[in-house]
Amino acid sequence: MGSGQFAVTMQILAYSSSVLQPQSPEAKAIFDLGIVSLIVFVLIWIVVSGGILYAIFRFRGRSGEADPEQYAGNKKVEIAWTIIPFVIVLFLFVLTLQAMNRADPPPASSPDLVVTGHQFWWQADYPASGVTTANEIHIPAGKPLCVRLESQDVLHEFWVPQLTRKMTNVPGQPNYIWLEADKPGTYLGQCSEFCGTQHAWMRIVVIAEEPAQFEQWQQAQLRPAQAAVTDLTRKGLALFRTQTCISCHGIKGVPGANARVAPDLTHVASRRQLAAGVLENTPENMRHWVNKPQTIKPGSLMPDFYLKDQEIDQLAGYLSSLR
Ligand code: CUA
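Just so it is clear, the structure is predicted and the values come from calculations on it, not from any experiment.

Scoring rules and cut-offs
- Residues numbered from 1 in each chain as written.
- Predicted model: local features only at pLDDT ≥ 70, side-chain atom pairs only at ≥ 80, totals over all residues.
- Heavy atoms only, no water.
- Salt bridge = Lys/Arg side-chain N within 4 Å of Asp/Glu carboxyl O.
- Helix = DSSP H or I, 4+ residues; strand = E, 2+ residues; numbered from the N terminus.
- Buried < 20%, exposed > 50% of the residue type's maximum accessible area, 1.4 Å probe, protein only.
- 1 Å grid on protein atoms, 1.4 Å probe; cavity = no way out; pocket = protein on both sides within 12 Å on 5 of 7 lines; lining within 4 Å.
- Points joined across faces, edges and corners; volume = space filled by probe spheres on them.
- Nonpolar A, V, L, I, M, F, W, Y, C, P; charged D, E, K, R; others polar.
- Axes fitted to C-alpha atoms, helices over the stretch in contact; angles between N-to-C directions.
- Parallel < 35°, antiparallel > 145°, perpendicular 65-115°, else oblique.
- Left-handed = near helix turned anticlockwise from the far one by under 90°.
- Contact = heavy atoms within 4.5 Å.

Draft legend 1. Just the pattern of salt bridges, in detail. Counting across every chain of the model gives seven salt bridges. Lys28 is the partner of Asp32 in a salt bridge, and the nearest nitrogen-oxygen pair spans 3.3 Å. Within this pair, Asp32 and its partner Lys28 are both found in helix α2 (residues 25-58), separated by four residues, close to a single helical turn. A relative accessible area of 37% means that Lys28 is categorised as partly exposed. Residues Glu150 and Arg148 are paired through a salt bridge, measuring 2.7 Å at the closest nitrogen-oxygen approach.

Below you can see the structure in the form of structure tokens.
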């Protein structure tokens, strides 16, 4: 180490995020509406441009020809071109209402998941179980979850294109969406409202699992953090407490580590990425991240602490033990 080299994760870009491959009833409703609208628009385009082209060639002026007969007003034509667009618009309006109903049903009385936008990461709380995590959201496949969207600071926008519609996280004004995946898989989302320098690195990874596997994950997340038992991790924990990490980050099971300003670290090593998607979560990248957060994610709220190499080993070693 010492070279300061680090590789931005390419793994995250391999996750699917195409709006053209909907993987939930909600996303499918939006996709279907898009396809029907597209067909209607293409048909209109063909009819209109076909008519124009036909008129241009069929009725073009030829030399020696007299001017065509001039007339103004044609009731039949006017009625037809008023009624036809009206019927088309009405048809699309009805389809849109249906799609809105399917993509955005009214919220449940209590949310299954609360997702809070922060500069520049996502906090995910599961009120029923008490699980708190960051940036990586696990859901049971095939079950719609009602999600309450909040923000801690500025406007963010939660968007997982394959699973759900976009919705803005507004400070002080919760919004609701339904989040669901037809089948197990990993789905990539991102903040889609500019929220500051690291807006582009507010990735969301949604991992849909079989219900039993989801339950297992939830139970694992509920356990307090792994105790620091080796010399290295004990020293790392001591640094966590003295280097002010503890004033922003929480670790369940560590007395006094209750802060909720920054991502909860109780099971940080179980997550796939660091820094909301910038780095793959490997022990090596954990060292880079605690060493130079401002190089890896300039403008993030985690400051550089100018730790010694040995301290970086200890702190990163401790965090990487929190599975
Ligand atoms: Cu948060 Cu853009």
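Draft legend 2. Structural detail: empty space enclosed by the protein. A full pass over the atoms with the stated rule returns one cavity of 30 Å³ or more. What the largest cavity holds in volume is close to 40 Å³. For the largest cavity, the full set of lining residues is Ile12, Asn135, Glu136, Arg203, Val205, Gln273, Ala276 and Gly277. Classifying every residue of the lining of the largest cavity gives three nonpolar, three polar and two charged.

Draft legend 3. Structural view of the packing of helix α6 (residues 283-291) against helix α8 (residues 309-320). Here α6 crosses α8 at 125 degrees, and the two axes come no closer than 9 Å. Considered as vectors, α6 and α8 are oriented oblique to each other. The element α6 and its partner α8 pack so that their crossing is right-handed. Contacts between α6 and α8 involve Pro283, Met286, Arg287, Val290 and Asn291 from the former and Asp309, Ile312, Asp313, Leu315, Ala316, Leu319 and Ser320 from the latter. Counted by class, the contact of α6 with α8 contains seven nonpolar, two polar and three charged residues.

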